[in-house]
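# Remarks on the overall topology
Each chain, written out:
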Amino acid sequence: HLPDHQVVVDVLGGASGGGITAALAFFALQNNVEHALLQPDRKTFHVNKNQNIYWRVWVELTEDDILNELLSEQDIREGYIPSLLNASFVDEVAETFKKYIESSNPLEPIPNYLNPRRELFLTLFNVTGIKYKITSQSNALKDQYISEHRDLGHFRWSDEYEGDGRLEISITAKKNLKVLLDSAKATGAFPVGLSARMVEREAKYIWDNPYFQKNGKFDKNNILLGQGITDESDTFCTSNGDGGTANNEPIELTRDLLLNMRIKQYGDVDPDVNMAEANDTEKAIEKMKLSNTSTILIDPFPSHDFELEKPGKDFAHLFHYVPKFLFSLSSQLIFDAKDAFDAYNVKSYGLHVIAPSRDNAEKPEYAIACGSLAGFGGFCSKEFRIHDFFLGRHNCQSFLRKYFVVDLNEPDEENKQCVQSVLDAYKANPEAVKRFSYTDETGKVLVPIIPDVSLADPVQTTLMNNAD
């Protein structure tokens, strides 16, 4: 009783913990994953700890309570202090992920819901930096230099390098597996708290990637990676911190990659400009053509309303001004205002957000057990991590069932092009409508774009609320 329309995952990406999860899914979506089962009493559960890589990485970690490990002196035996907390557990978890990849038995053929050339990106805060040479017409100072610290590990599921900066990786092509693992460690390297991470890539993956070419303005002649790096196979090594430091919600980057796929791989978007040289305004116009594409943001700590404080005389006080100034710097780094404004323009494409929600929790950060200690609460107790694992899955199921939906009887005047295949599939399959649809408080019959196949009975609700 499943509708026969097709939904394809093209791009996975993220920052910090979201980037790590994206890396896990990049491989696990092509494997059979035995999902954890929560019993009706909502207390007991069954899980294959070794087979479910999401559980193994996020719930098991290395111990139930890893506070003792975090406070261990193990990481300072080399004579220096790399971070406030001992981050050796990260290497152990990364080794678990590596063994999972090396021993995995991917589904063949590749499932239809996966793009066989899907892409993965992990945002990085490159402390080392990438140097750009800017040449002006001034005789006094012809060459100037700037440093870029927003970086990313950018991968494609492929056996061969395709010349566009994406690091090729697959089950059979593991040349860049270490780069992926190091990038995953780096994107989650919480500043000061957890140690910085080194990432080594061949220079061609920087020089050839449009992200670093800045709309075609730069190439290997003015993207400088350090002394001695002149050949595309030379190794470029960087020190990196948490990817969320400089780009915490990389929605706009996701849209750029999706548009590139639609143009070059699917061929169903015909750009009016040369995208390699297009400016931001031209790109924004082209991205409005992403009419049948959705970006789903999974955000455990979404922003919420706040009051702007009117500055008084105390703002001039050094000990009041400095904390405010540092907080402002951090906020400006985490979100690029222009990108955020473009990304959240609901008129141009479908953006959906999954945030923590639980009965009697006023804010998302109150819903998750690991939200304490600025997100480090999960290190205190395995029970916290178990709670959030199942809460996250429950929230996702509710999102798919009741929010990522379309009106089965949309008015004719509505633009149905982006969801026509979904509507046709359900209308041709009344049993699927009976199983997966529900009627909201206004009488609309809503059907999910991605049906939750674990749903045995129809959704027993007529209200869209935030309780789940």
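Values in this document were obtained by computation on a predicted structure and should not be read as measured data.

## Here's the deal with the overall build of the protein chain
When its secondary structure is counted, the protein chain shows 15 helices and 14 strands. For 468 residues, the compact-globule estimate of 2.2 N^0.38 gives 23 Å, and the C-alpha radius of gyration of the protein chain, at 24 Å, lies within 12% of that figure. Considered along the principal axes of its C-alpha atoms, the protein chain spans approximately 75 × 60 × 60 Å. Within the protein chain, the proportion of its 468 residues that are buried is 44%. Pairs at least 24 apart in sequence give 69% of the contacts found in the protein chain among residues at least 6 apart. Between the centroid of the 48 positive side chains of the protein chain and the centroid of its 70 negative side chains there is a distance of 1 Å.

## Focus on a nonpolar patch on the surface
On the surface, Leu318, Phe319, Tyr321, Val322, Phe325, Leu326 and Leu329 cluster together into a nonpolar patch covering about 720 Å² of accessible area. Among the structural elements, Leu326 can be located in helix H10 (residues 318-334). The exposed category is assigned to Leu326, whose relative accessible area is 51%.

## A word on the environment of Asn248
Relative to the helices and strands, Asn248 is located in the loop between strand E9 (235-241) and helix H8 (251-266). Judged by relative accessible area, Asn248 falls into the partly exposed class, the value being 31%. With 85 residues separating them in the primary sequence, Asn248 and Gly163 have C-alpha atoms 28 Å apart.

## Some thoughts on helix H4 (residues 88-103)
End to end, H4 covers 23 Å across 16 residues, agreeing with the expected 22 Å (1.5 Å per residue, within 8%). Residues of H4 that are buried include every one of Ser88, Phe89, Val90, Val93, Ala94, Phe97, Tyr100 and Ile101, and no others. Contacts from the buried residues of H4 go to helix H1 (17-28), helix H2 (53-60), helix H3 (67-70), helix H5 (177-187) and strand E7 (197-202).

## Focus on helix H13 (residues 382-402)
Residue pairs spaced three or four apart in an α-helix point in one direction, given the helix's 3.6 residues per turn. Compared with the 30 Å implied by 1.5 Å per residue over 21 residues, the 30 Å span of H13 between its first and last C-alpha is a close match. Residues of H13 that are buried: Lys382, Arg385, Ile386, Asp388, Phe389, Phe390, Leu391, Asn395, Ser398, Phe399, Leu400 and Lys402. The N-terminus of H13 is capped by Ser381, whose side-chain oxygen sits 3.1 Å from the backbone nitrogen of Glu383.

## Looking at the packing of aromatic side chains
For the coordinates displayed, the defined rule picks out 15 aromatic pairs. Between Tyr211 and Phe212, the aromatic rings sit 5.1 Å apart at their centres with planes inclined by 90°, giving edge-to-face as the arrangement. Taking the relative accessible area as the measure of exposure, Phe212 reaches 1% and is therefore buried. When the ring of Phe389 is compared with that of Phe390, the centres are 5.7 Å apart and the planes differ by 80°; the resulting orientation is edge-to-face. Take Phe389: its relative accessible area is 18%, and that puts it in the buried class. Look at Phe390 and you get buried, because its relative accessible area is 8%. An aromatic cluster of three or more residues is present, and its members are Phe26, Phe27, Phe97 and Trp157. Sitting over the face of the ring of Phe26, Arg118 holds its NZ or CZ atom 5.2 Å from the ring centroid. The ring of Tyr211 carries Lys214 above its face, with NZ or CZ at 5.1 Å from the centroid.

## Quick look at the pattern of salt bridges
With the rule as written, the count across this model stands at 22 salt bridges. In this structure, the salt-bridge partner of Lys204 is Glu202, at a minimum N-O distance of 3.5 Å. Overall, Lys204 belongs to the buried group, its relative accessible area being 11%. Residue Glu252 is joined to Lys287 by a salt bridge in which the shortest nitrogen-to-oxygen separation is 2.6 Å. Placement of the pair is Glu252 in helix H8 and Lys287 in helix H9 (residues 280-287), with a sequence separation of 35 residues. Take Glu252 and Lys287: they sit in the same class, and that class is buried. Three or more residues are tied together by salt bridges with common partners; here these are Arg117, Glu119, Arg156, Glu162, Asp164 and Arg166.

## Focus on the confidence of the model for the protein chain
Averaged over the protein chain, the pLDDT score is 87; the fraction of residues at 70 or greater is 92%. When the criterion is pLDDT under 50, residues 462-468 qualifies, and its contacts beyond four places in sequence or with other chains add up to 21 contacts.

## A closer look at the side chain of Lys204
By the secondary structure assignment, Lys204 is in helix H6 (residues 204-207). Excluding residues that lie within four positions of it along the chain, Lys204 makes contacts with Tyr161, Gly165, Lys175 and Glu232.

## Notes on the sheet that holds strand E13 (residues 438-439)
By way of backbone hydrogen bonds, the strands of a sheet pair with one another, either parallel or antiparallel. Read from one edge of the open sheet, 3 strands run E12-E14-E13, paired in antiparallel fashion. Each having just a single partner strand, strand E12 (405-407) and E13 make up the two edges of the open sheet. Pairing of E12 with strand E14 (residues 445-448), which is carried by 3 bridges, proceeds in the antiparallel orientation. Residue pairing across strands places Val405 opposite Pro448, the latter belonging to E14. This element, H13, spans E12, E13 and E14 of the sheet and lies at about 20° to E12.

## Details of the packing of H2 against H4
Orientation of H2 relative to H4, taken along the N-to-C sense of each, is 175°, at an axis distance of 10 Å. Considering the angle they form, H2 stands roughly antiparallel to H4. Only Val93, Thr96, Phe97 and Tyr100 of H4 make contact with H2, whose side of the interface consists of Ile53, Arg56 and Val57. Class assignment of the residues belonging to the contact of H2 with H4 gives a composition of 5 nonpolar, 1 polar and 1 charged.

## Things to note about the packing of H1 against H2
Two quantities define a packed helix pair, namely the angle between the axes and the distance from one axis to the other. Put simply, H1 and H2 touch, their axes get as near as 10 Å, and they point 155° apart. Comparing the axis directions of H1 and H2 gives the class roughly antiparallel. As for how H1 packs across H2, the hand of that crossing is right-handed. Contact with H1, carried on its side by Gly17, Ile20, Thr21, Leu24, Ala25 and Ala28, involves Ile53, Tyr54, Val57 and Trp58 of H2 and no other residues of that element. For the contact of H1 with H2, the class distribution of residues is 8 nonpolar, 2 polar and no charged.

Conventions used here
Residues numbered from 1 in each chain as written. Predicted model: local features only at pLDDT ≥ 70, side-chain atom pairs only at ≥ 80, totals over all residues. Heavy atoms only, no water. Helix = DSSP H or I, 4+ residues; strand = E, 2+ residues; numbered from the N terminus. Rg over C-alpha atoms; globule rule 2.2 N^0.38 Å. Buried < 20%, exposed > 50% of the residue type's maximum accessible area, 1.4 Å probe, protein only. Contact = heavy atoms within 4.5 Å. Lys, Arg positive; Asp, Glu negative; His and termini not counted. Charge placed at Lys NZ, Arg CZ, Asp CG, Glu CD. Patch = residues over 30% accessible without salt bridge, like charges linked within 9 Å, V, L, I, M, F, W, Y side chains within 5 Å. Areas by Shrake-Rupley, 256 points an atom, 1.4 Å probe, with all protein chains shown as cover. Salt bridge = Lys/Arg side-chain N within 4 Å of Asp/Glu carboxyl O. Expected span 1.5 Å × (residues − 1). Polar contact = N/O pair within 3.5 Å; in protein donor to acceptor, adjacent residues only side chain to side chain. Phe/Tyr/Trp six-rings, centres within 6.5 Å; stacked < 30°, edge-to-face > 60°. Lys NZ or Arg CZ within 6 Å of the ring centre and 35° of its normal. pLDDT = per-residue confidence, 0-100. Pairing = 2+ DSSP bridges. Axes fitted to C-alpha atoms, helices over the stretch in contact; angles between N-to-C directions. Parallel < 35°, antiparallel > 145°, perpendicular 65-115°, else oblique. Nonpolar A, V, L, I, M, F, W, Y, C, P; charged D, E, K, R; others polar. Left-handed = near helix turned anticlockwise from the far one by under 90°.

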